[in-house]
Amino acid sequence: MFIIFGTRGLKHTVSDSPVLSNSCPNCNNGSLVNKLYRRWFTLFFIPVIPLDTVDRFYECDSCKSAYNESIKTILQRSKEEINENQKRATSIYAKALIAAMTHMAIIDEDFAPEEEREIKDAIEGFQEMKEELLAIHENVKVNANMNNQVFDFLNSARNELSSEALINILAQAAVVLLADGTIEKEEENLMKEYLIACGLPKEMYQTLIDKLKQKDMTTLKKEQMN
Ligand SMILES: [Zn+2]
């Protein structure tokens, strides 16, 4: 009888290392499981003694792509970057929104309580930057577009946000314009200036107003039905 011995690599799951859920860069939904290859001393082809750890890596449980362990840091960093960008975009969005809404509310020299309520409601939607937004609101209320401040906010929004986000800002400003029931000429002109500042055609004005009026009607109807 002779003894056959040798070594063999075996793949193990590292049980105490958290799975990186749904983060496979290749298939986008697979989860990355930390694995290690360990070389074993084998006797008759059966692993009996674990030798050194040969390699640690992440393997996708779906498409089986393998990644160097540094993928964990890369994924975490890009998640942080995404969060950072989102925070920045939200801040630009909120500032442009509150500045434009406030400006729109004061342009006819009659700051109606309905308008103030719309703006305060909008500020409530951004709890983390409430103080900053209230300060912008007060400032625009007193100084209007002094030093072009309102259009500066809109400009940074135009540079950093999608046109969908810009239209959202203008639609909310248009809600203010409609809040007191009448549309003054100053309000209409200002809304057109906003559209141009945002790189949108000023003909969009009518579409925007019509859409909002329609929406108002449906909300009203729903309220009446309930
Ligand atoms: Zn995958």
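Since the structure is predicted, the reported quantities are computational estimates derived from the model, not experimental observations.

Observations regarding the coordination of the zinc ion
Distances from the zinc ion to its protein donors, Cys 24 (SG), Cys 27 (SG), Cys 60 (SG) and Cys 63 (SG), fall within 2.2 to 2.3 Å. Considered as a linear motif, the donors of the zinc ion on their single chain read C-x2-C-x32-C-x2-C. Look at Cys 24 and you get buried, because its relative accessible area is 1%.

Side note on the pairing of strand 2 (residues 32-43)
Looking down a regular strand, the side chains alternate between one sheet face and the other. The pairing of strand 1 (residues 5-13) with strand 2 spans nine bridges and is antiparallel. Bridge pairing in strand 2 links Thr 13 to Lys 35. Sheet topology note: the strand 2/strand 3 (residues 46-60) ladder contains 11 bridges and is antiparallel. In the strand pairing of strand 3, Leu 43 is matched with Ile 46. Where strand 2 hands over to strand 3, the hairpin turn is made up of two residues, of which Phe 44 adopts a positive phi near 50 degrees.

A short note on the domain arrangement of the protein
One frequently used descriptor of interface size is the decrease in accessible area upon assembly of the parts. Taken domain by domain, the protein consists of domain 1 (5-69) and domain 2 (77-225). Placing a centre on the C-alpha atoms of domain 1 and another on those of domain 2 gives a separation of 53 Å.

Some thoughts on the packing of helix 2 (residues 113-124) against helix 5 (residues 163-179)
Between helix 2 and helix 5, whose axes approach to 8 Å, the crossing angle comes to 155 degrees. The orientation of helix 2 relative to helix 5 falls into the category roughly antiparallel. The two elements helix 2 and helix 5 meet at a crossing, and its hand is right-handed. Seen from helix 2, the contacting residues are Glu 114, Glu 115, Glu 118, Ile 119 and Ala 122; seen from helix 5, they are Gln 172, Val 175, Val 176 and Ala 179. Here the contact of helix 2 with helix 5 is built from residues that sort into five nonpolar, one polar and three charged.

Some details on unusual backbone geometry
The backbone of Lys 64 shows a phi angle near 70 degrees, a positive value even though the residue is not glycine. With respect to the helices, strands and loops of the structure, Lys 64 is situated in the loop between strand 3 and strand 4 (66-68). Judged by relative accessible area, which is 52%, Lys 64 ranks as exposed. The phi torsion at Glu 109 lies on the positive side, around 60 degrees, for a residue other than glycine. Structurally, Glu 109 can be placed in the loop between helix 1 (71-106) and helix 2.

Things to note about the nonpolar core
Core analysis: the biggest nonpolar cluster contains 46 residues, and Met 191 and Tyr 194 have the highest contact counts within it. Tallying contributions element by element places helix 1 first for this core, with 11 residues. If we skip the residues at most four places from it in the chain, Tyr 194 touches Ala 100, His 103, Met 104, Val 150, Phe 151, Leu 154, Leu 170 and Ala 173. Counting eight residues, the second largest nonpolar core, distinct from the first, contains Leu 20, Leu 32, Tyr 58 and Leu 75.

How each quantity is defined
- Residues numbered from 1 in each chain as written.
- Predicted model: local features only at pLDDT ≥ 70, side-chain atom pairs only at ≥ 80, totals over all residues.
- Heavy atoms only, no water.
- Donors = N, O, S within 2.8 Å, 3.2 Å for Na, K, Ca; no water.
- Buried < 20%, exposed > 50% of the residue type's maximum accessible area, 1.4 Å probe, protein only.
- Pairing = 2+ DSSP bridges.
- Helix = DSSP H or I, 4+ residues; strand = E, 2+ residues; numbered from the N terminus.
- Domains from an automatic or database assignment.
- Axes fitted to C-alpha atoms, helices over the stretch in contact; angles between N-to-C directions.
- Parallel < 35°, antiparallel > 145°, perpendicular 65-115°, else oblique.
- Left-handed = near helix turned anticlockwise from the far one by under 90°.
- Contact = heavy atoms within 4.5 Å.
- Nonpolar A, V, L, I, M, F, W, Y, C, P; charged D, E, K, R; others polar.
- Core = buried A, V, L, I, M, F, W, Y, C linked by side-chain atoms within 4.5 Å.

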